[in-house]
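Now for the letters of each chain:
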Amino acid sequence: GMASGHPSFGTMHAGSVDTMIKRLVTPPINLSASLVEVMDAVVVMTQTKRGNKNIRRVKEVVEIVEIKEGKTSAAVNKPLFVPLLKCSLTPTVIP
């Protein structure tokens with residue numbers, strides 16, 4: 001697992017990093033804040049509509065800096081934030 005130095009990847013349904021942390025540190029999962037803090041980065045995806053098509057896009061990449069024990073939110077660094085209104089679709093043709 002992550003805490004032992006092995007690369008890990010997982011998915012979770014949550015609208016934000018704070019919501020994800022709250023789900024992980026409260027019952028029934030009840031992880032310690034120090035274990036959740038081991039995550040290097042969280043990629044937040046969103047679904048939006050373009051014309052008549054539903055599409056998924058990366059909303060932000062968030063680094064978890066610190067989670068204090070007993071808290072359900074974190075100090076974070078956001079190295080990437082994508083404003084969806086400025087996001088454009090470029091069709092890619094693969095031969």
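Residues numbered from 1 in each chain as written. Predicted model: local features only at pLDDT ≥ 70, side-chain atom pairs only at ≥ 80, totals over all residues. Heavy atoms only, no water.

(A) View of the sheet that holds strand 3 (residues 75–81). The strand order 1-2-3 describes an open sheet built from three strands, whose pairing is antiparallel. For this open sheet the edge positions go to strand 1 (42–50) and strand 3, each flanked by a neighbour on one side alone. Averaged over all pairs of adjacent strands, the angle between their axes in this sheet comes to 30°, without regard to strand direction. With nine bridges connecting them, strand 1 and strand 2 (residues 53–66) associate as antiparallel partners. Looking at the pairing, Val 42 lines up with Val 62 of strand 2. Contacting strand 1 and strand 2, helix 1 (residues 17–25) runs over the sheet at an angle of about 65° to strand 2. (Pairing = 2+ DSSP bridges. Helix = DSSP H or I, 4+ residues; strand = E, 2+ residues; numbered from the N terminus. Axes fitted to C-alpha atoms, helices over the stretch in contact; angles between N-to-C directions. Contact = heavy atoms within 4.5 Å.)

(B) Region of the structure containing the pattern of salt bridges. Throughout the structure, instances matching the rule amount to two salt bridges. Close ionic contact of Lys 78 with Glu 60 constitutes a salt bridge, the shortest N to O distance being 3.4 Å. With Lys 78 in strand 3 and Glu 60 in strand 2, this residue pair connects regions lying 18 residues apart in the sequence. For Lys 78, a relative accessible area of 47% corresponds to the partly exposed category. The shortest N-O distance in the salt bridge between Glu 66 and Lys 68 comes to 3.4 Å. Owing to a relative accessible area of 36%, Glu 66 belongs among the partly exposed residues under this scheme. (Salt bridge = Lys/Arg side-chain N within 4 Å of Asp/Glu carboxyl O. Buried < 20%, exposed > 50% of the residue type's maximum accessible area, 1.4 Å probe, protein only.)

(C) Main features of the confidence of the model for the chain. When pLDDT is averaged across the chain, the result is 82; 84% of the residues are at 70 or more. By mean pLDDT, the top-scoring element of the chain is helix 1 (92), and the lowest-scoring one is strand 3 (84). (pLDDT = per-residue confidence, 0-100.)

(D) The arrangement of helix 1 in detail. Residues of helix 1 that are buried: Val 17, Met 20, Ile 21, Leu 24 and Val 25. Down the axis of helix 1, the smallest arc covering the buried residues is 115°, so these residues share one side. (Arc of directions from axis to C-beta.)

(E) Region of the structure containing the nonpolar core. Val 17, Met 20, Ile 21 and Ile 64 are the most contacted members of the largest nonpolar core, which has 14 residues in total. Looking at this core element by element, the count peaks at five residues for helix 1. Filtering out sequence-adjacent residues up to four positions away, Ile 64 remains in contact with Val 17, Met 20, Ile 21, Val 36, Glu 37, Met 39, Asp 40, Val 42, Ala 74, Ala 75 and Val 76. (Core = buried A, V, L, I, M, F, W, Y, C linked by side-chain atoms within 4.5 Å.)

(F) How the structure looks around unusual backbone geometry. Between Pro 27 and the following residue, Pro 28, the backbone shows a cis peptide bond with an omega angle of 10°. In this structure, Pro 28 sits in the loop between helix 1 and helix 2 (33–36). A positive phi angle, close to 55°, is found at Asn 30, a residue other than glycine. Structurally, Asn 30 is set in the loop between helix 1 and helix 2.

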